[in-house]
Amino acid sequence: MESGDLNLACAWALVDGLVGGGVRHACVSPGSRSTPLALALARHPAITVHVHLDERSAGFFAVGLARASREPVVMACTSGTAAAEYLPAVVEASQSRLPLLVLTADRPPRLRGTGANQTIDQVGLYGGYAREDLDLPVPEAAGQEAWWRQAAREALEAAYGDQVGPVHVNCPFEEPLSPSPDVSLPDPSGEAFALPARADADVTAEEADRLTEIVSGARGAVVIGSTPDDITGVAAWWSGTLGWPVLAEPLSNAREPGTALVAGQALIGDEAWVAGHPPDVVIQLGASPTTRATHAFVASADRVVVADRWHLDPDPDRLASWRIAVDADALTHALHDRPVHVKAAPDDWAGAWSDADGKARAAIDGFLGGIDEPFEPRIARDLARCVPDGGTLFVGNSTPVRDLDLAMAPRTRLRLLANRGASGIDGLVSTALGVAAAGTGPVVALLGDLSYVYDLGTVAWHARRGADATLVVISNGGGEVFSLLPQRGLPEHRDLFVTPHGADIGALTQAAGAGHTLVERADELTPSVLAAIGSDGLQIVEVTVDAERSLVRRAELRGAIAAALA
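Small disclaimer: the values here were computed from a predicted structure and weren't measured.

**Student:** Which residues make up the overall build of the protein, and what are the values?
**Tutor:** The helix and strand inventory of the protein stands at 22 helices and 17 strands. Computed over its C-alpha atoms, the radius of gyration of the protein comes to 25 Å, within 12% of the 24 Å expected for a compact globule of 566 residues. When its C-alpha atoms are laid out on the principal axes, the protein stretches across 80 × 60 × 45 Å. The buried share among the 566 residues of the protein stands at 55%. The long-range share in the protein, meaning contacts at least 24 apart out of those at least 6 apart in sequence, stands at 76%. When the accessible surface of the protein is totalled, it reaches about 21,800 Å², and 51% of it is carbon and sulfur. Each charge class in the protein can be summarised by its mean position, and for the 43 positive and 72 negative side chains these summaries are 3 Å apart.

Here is the structure:
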């Protein structure tokens, strides 16, 4: 068998094995050394190939696909720095527990360390962020296909081990890299195998007794952070049975009407109100909280119980008096099954929170409804309201995710996603487009302008290649999150931290081939977004915000909430 044909045969065995474990999508970037991988992926009938010029963008696109579909996704590239470009996405996938299969083509081992062109040491390239690192043998003889097929199973089993995450498969090839023109490939095997299932972790009888003692009759609260599980209905038990306030972050997808607080961030962000209503107990479910206000609220409790088994460390500040490695629904069900023994909070506790929550919500909506210019919290609130049922709102880091937490009212039939594993601004456009490629309904993203400009190459590549999503870009001149942080007092504040970009977002967007709408009034946002969702292709809704005016508005909003709660 010719070397080029053998390379393709081994690559086909690897890809066909991955298909057997549930892989359906692959992100491929151009290169010569990766020819066997690219051809095997493109010629397999069960794989949808997404071609990307930039490996960094491809990696984050795969992150979005895996996040939205909850299925393993392949990334494949050539050797050298192309493989290094995957690192940011591998980090995010590792922190977010996403199953990515990273296939890097490589020169044969004999060239490592020799200074050969486009050759770096790729073994262990992603360090501890990869759940496993497989360095496959160079295809040299017929029969080696079995090794490569077995590697597919090993990679998927590692990706779905105790901690779901990315796996690196290094694939060395000798030249020639292209197969014979008349080469034939075997039919897909159709051989499927079950991925390792994450065993349920139940609350033991002893743990349930301890939980019952902690929560029964206590003035408590529940904080729900992001979690990959569907925890619909969890909030209802805590608020309905125990009478505890539930602060459900948007990314928990548990902020449901009638169960979670409608203005939780506003309440816990008011120091005077929190000081008068300290909780005895806080139960924290899921990831570590997003905002400083929530961290402070959790820390104010006499006792903190953290329940989570997905995230690296849901308690980085070591606040918990007890950490239990169970999912939110398991802990809730353990108490739900003991209704005789679990007593609700005193009526005055539940009543105080409910009354204040309504006042804070009225203050937020009254204030936001009384301004004409775009203002970040109103943008977040209105966007969460207007995304159609069954849609997904992907939210950027820094200010957008915090404004959404402050202003979003509870609603159903909306999925919220974000890259909160490492919380970077890199690759957010790519991730949003990967979410859209999963085909789970209309996708809208809320991003800052620096995040958009940073990932502008993705817009240029995908705008004319069938991408279908709506990106709402808050155009306030740079990283204005630093105007809310202590760095604002530094003389280098503007140049080193805000980093104003000076870009004409409309001109850049139109040059890239995407649709562009400019919003300059608050009441223009909803109709503009709905029109963009109803249009084909990649649509950018740019919302201009006066950064300095926004700082004043934030202070006024805090004042309105404080007055309502006083």
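**Student:** So what about helix α7 (residues 205-215)? Which residues, and what values?
**Tutor:** All of the buried residues in α7 are A208, L211, T212, I214 and V215. For α7, the arc enclosing every buried residue in end-on projection is 165 degrees, short of the 170-degree limit, so these residues lie on one face. Facing away from the buried side of α7 by over 90 degrees, the exposed positions are E206 and E213. On its buried side, α7 packs onto α8 (234-240), β9 (281-285), β10 (303-307), β11 (322-324) and α12 (328-336). Phi turns positive, to about 75 degrees, at G217, one or two residues after α7.

**Student:** Tell me what's going on with the nonpolar core, and back it up with residues and numbers.
**Tutor:** Membership of the largest hydrophobic core comes to 65 residues, with the highest contact counts inside it found for W238, W244, I283 and L285. At eight residues, helix α13 (residues 347-369) tops the list of elements feeding residues into this core. Apart from residues no more than four positions distant in its own chain, L285 is found in contact with V222, V223, I224, G225, V234, W238, A307, A328 and L331. If you look at the next biggest cluster of nonpolar residues, it comprises 47 residues, including L447, A467, A512 and I540.

**Student:** Give me the lowdown on the sheet that holds strand β17 (residues 538-544), citing residues and values where you can.
**Tutor:** Strand order in this open sheet of six strands is β13-β12-β14-β15-β17-β16, and the pairing throughout is parallel. Across the chains shown, the open sheet's two edge strands, defined by having one partner strand only, are β13 (414-417) and β16 (515-519). The sheet shows a mean angle of 20 degrees between the axes of neighbouring strands, taken without regard to direction. Across five bridges, the pairing between β16 and β17 is parallel. Each bridged residue has a counterpart across the sheet, and for G515 the counterpart in β17 is Q539.

**Student:** Please give an account of the sheet that holds strand β5 (residues 133-135) that cites residues and values.
**Tutor:** Across the sheet, six strands lie side by side as β2-β1-β3-β4-β6-β5; this open sheet has parallel pairing. Strands with a single pairing partner mark the edges of an open sheet, and in this sheet they are β2 (48-51) and β5. Going from strand to strand, the sheet's axes swing by 20 degrees on average, the running direction of each strand aside. Of the strand pairs in this sheet, β5 and strand β6 (residues 167-172) are connected by three bridges, and their pairing is parallel.

**Student:** Go over the packing of aromatic side chains, please, and point to the residues and values.
**Tutor:** One pass over the full model with this rule turns up seven aromatic pairs. A centroid spacing of 5.8 Å and a plane angle of 70 degrees characterise the contact between F297 and W353, whose relative ring orientation is edge-to-face. Of this pair, F297 sits in helix α11 (residues 292-299) while W353 sits in helix α13, and the two are 56 residues apart along the sequence. Here F297 and W353 have matching classes, each one buried. When the ring of F367 is compared with that of F375, the centres are 6.4 Å apart and the planes differ by 70 degrees; the resulting orientation is edge-to-face. For the pair shown, F367 and F375 are each scored as buried.

Reading guide: rules and limits
- Along each chain, residue indices are assigned from 1 in the same order as the chain's sequence is written.
- Only residues with pLDDT of at least 70 are given local features in this predicted model, and only at 80 or more are side-chain atom pairs given and counted; all residues enter the totals for whole chains, interfaces and linings.
- With hydrogens and water excluded, all non-hydrogen atoms of the structure serve as input to the side-chain values.
- Secondary structure elements are defined from DSSP: runs of H or I of at least 4 residues count as helices, runs of E of at least 2 residues count as strands, and each element is numbered from the N terminus.
- Throughout, the radius of gyration refers to the C-alpha atoms, and the reference size of a globule is 2.2 Å times the residue count to the power 0.38.
- Think of it in three bands: with a 1.4 Å probe and only protein chains considered, a residue is buried below 20% of the maximum accessible area for its type, exposed above 50%, and partly exposed in between.
- Any pair of residues with heavy atoms lying within 4.5 Å of one another is described as a contacting pair.
- We get accessible surface area from the Shrake-Rupley algorithm with a probe of 1.4 Å; when it comes to residues, only the shown protein chains can shield them.
- Charged residues are defined narrowly, with Lys and Arg counted positive, Asp and Glu counted negative, and His plus the chain ends left uncounted.
- Charge coordinates come from a single atom per side chain, which is NZ of Lys, CZ of Arg, CG of Asp or CD of Glu.
- Arc, as used here, means the arc of the directions from the helix axis to the C-beta atoms.
- Only buried Ala, Val, Leu, Ile, Met, Phe, Trp, Tyr and Cys residues count toward a nonpolar core, and they belong to the same one when joined by side-chain atoms within 4.5 Å.
- At least two bridges found by DSSP between two strands is the condition for calling them paired.
- Simply put, an axis is a line fit to the C-alpha atoms, just over the touching stretch for a helix, and the angle between two N-to-C directions goes from 0 to 180 degrees.
- Working definition: rings of Phe, Tyr and Trp (its six-membered ring) pair if their centres are within 6.5 Å, and the pair is stacked with planes under 30 degrees apart, edge-to-face with planes over 60 apart, and tilted otherwise.

These values are about where atoms sit, not about what they do.
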